[in-house]
Amino acid sequence: MEKVQINLKKATKSSLFAGVTIFIIIFVLNVILDQRFFSADTIYGNLSVITPIVVATIAQSIVIISGSIDLSIGANISLVNCILATAMGDTPESVVFALAVSLLAALAVSALNGVLVAYLRLPAMVATFAVSMMLIGIALLVLPVPGGYIPKWLPGIYSASIGGVLPATVPILAGIGVLWWVISKTRFGKYIYAVGGNENAAEASGINAKRIKFCAFLLSGFFIWIVGIIVSGQTGAGDFRVGNTYQLSTVAAAIMGGVALAGGTGKMLGAALGACIMILITNIIYFAGIPSFYQDMIRGLIVIIALFIAAIPNLKKRTS
């Protein structure tokens, strides 16, 4: 009995505990409200919507864990989407060109954020928000009117299934998970946590905190590029507003998943759970039949409650 109590105490102290608890509650509500929740169409649909926000939340979490925040993620995703919709054609050359240019653009934006935050010491929230405003204008210049051209094979791949059973989104998520797992085992991955946890202590131990923060932004930019490709495959078109929903939702999702806003703490599994929670909350609002003019209010209320639950372990630590 004592071992059970000890294990329960350890579980409640885990950064994943709040995220898992909230996820289970929201998941059960989805099952109750949606009688077709476990049907193939619903599963495929949910995975299609969940995948981009999961990857975007991981991108945000990398920056948050390093001790910063990136409010330009949504605009950066929009820029990648607009570049792809403008430059991509049906020839292999145009595809390679569009992918290369969009990757360079995503990394350039992240590098700018890294310089402003890590080297110039500007407040991350203000600096990245200013960059997002600039990116909206650039995306609008690249693609003034929503539309553009995305080759049919890209949406086809995104909506495809392997062997008629496994959605293509599953190996995408698995690949992202493996990629981060490999990175987290490297010295660089460990340094991200060290710098976010205590920058001064990290510097004292010989870690170049500025460079680590800068590289964290760059790594986040690579994941943002992947999100831009996914969103392009999901929508089949370009739109300078397509990334708007990711700006703050990724921050909320990361916190609900146990990523500490102060930095240094959090797991990507928790971040992914937080992203799933955000989508499942939207499902609850839809199936509950809440009028459209109340939906944003209810969504915000649910997110606040979820964030409060996620903050309980930290509150316990402060009061103990």
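Residues numbered from 1 in each chain as written. Predicted model: local features only at pLDDT ≥ 70, side-chain atom pairs only at ≥ 80, totals over all residues. Heavy atoms only, no water.

(A) Local environment of the overall build of the protein chain. When helices and strands are counted, the protein chain shows 14 helices and two strands. By the compact-globule yardstick of 20 Å for 320 residues, the protein chain fits well, its C-alpha radius of gyration being 20 Å. If you line up the protein chain on its principal axes, its C-alpha atoms span 65 × 55 × 40 Å. Relative to its 320 residues, the protein chain shows a buried fraction of 47%. For the protein chain, the accessible surface area stands at approximately 15,600 Å², while carbon and sulfur atoms represent 71% of it. (Helix = DSSP H or I, 4+ residues; strand = E, 2+ residues; numbered from the N terminus. Rg over C-alpha atoms; globule rule 2.2 N^0.38 Å. Buried < 20%, exposed > 50% of the residue type's maximum accessible area, 1.4 Å probe, protein only. Areas by Shrake-Rupley, 256 points an atom, 1.4 Å probe, with all protein chains shown as cover.)

(B) The pattern of salt bridges, seen in detail. Using the criterion set out here, one finds three salt bridges in the structure. One salt bridge in this structure joins E199 and K213, with 3.3 Å as the shortest N-O distance. Pair noted here: E199 is in helix α10 (residues 199-204) and K213 is in helix α11 (residues 209-235), with a separation of 14 residues, a long-range link. The exposure classification of E199 matches that of K213, with both residues buried. Residue R241 is joined to D239 by a salt bridge in which the shortest nitrogen-to-oxygen separation is 3.2 Å. Via salt bridges that share partners, R121, E199 and K213 belong to a single interconnected network. (Salt bridge = Lys/Arg side-chain N within 4 Å of Asp/Glu carboxyl O.)

(C) Inspection of the packing of aromatic side chains at higher detail. Evaluated as defined, the whole model comprises eight aromatic pairs. Each ring, one from F27 and one from F37, has its centre 5.1 Å from the other, and the planes form 85 degrees; the classification is edge-to-face. Linking F27 in helix α2 (residues 15-33) with F37 in the loop between α2 and α3 (40-65), this pair joins segments that are 10 residues apart in sequence. By relative accessible area, F27 is classed as partly exposed at 27%. Three or more aromatic residues joined by ring pairs make a cluster, and in this case those are F23, F27, F37 and F38. (Phe/Tyr/Trp six-rings, centres within 6.5 Å; stacked < 30°, edge-to-face > 60°.)

(D) How the structure looks around the side chain of S94. Within the fold, S94 resides in helix α5 (residues 92-119). We classify S94 as buried; its relative accessible area is 14%. Polar side-chain contacts of S94 include one of 3.0 Å to the backbone nitrogen of G89. Polar contacts involving the side chain of S94 include one to the main-chain carbonyl oxygen of T91, which spans 2.8 Å. (Polar contact = N/O pair within 3.5 Å; in protein donor to acceptor, adjacent residues only side chain to side chain.)

(E) Structural context of the environment of I73. By secondary structure assignment, the location of I73 is in helix α4 (residues 73-87). Residues I73 and G221, 148 residues apart in the sequence, show an inter-C-alpha distance of 8.3 Å. If we ignore the near neighbours within four places in the chain, the residues touching I73 are A56, A59, Q60, S220, I224 and Y246. (Contact = heavy atoms within 4.5 Å.)

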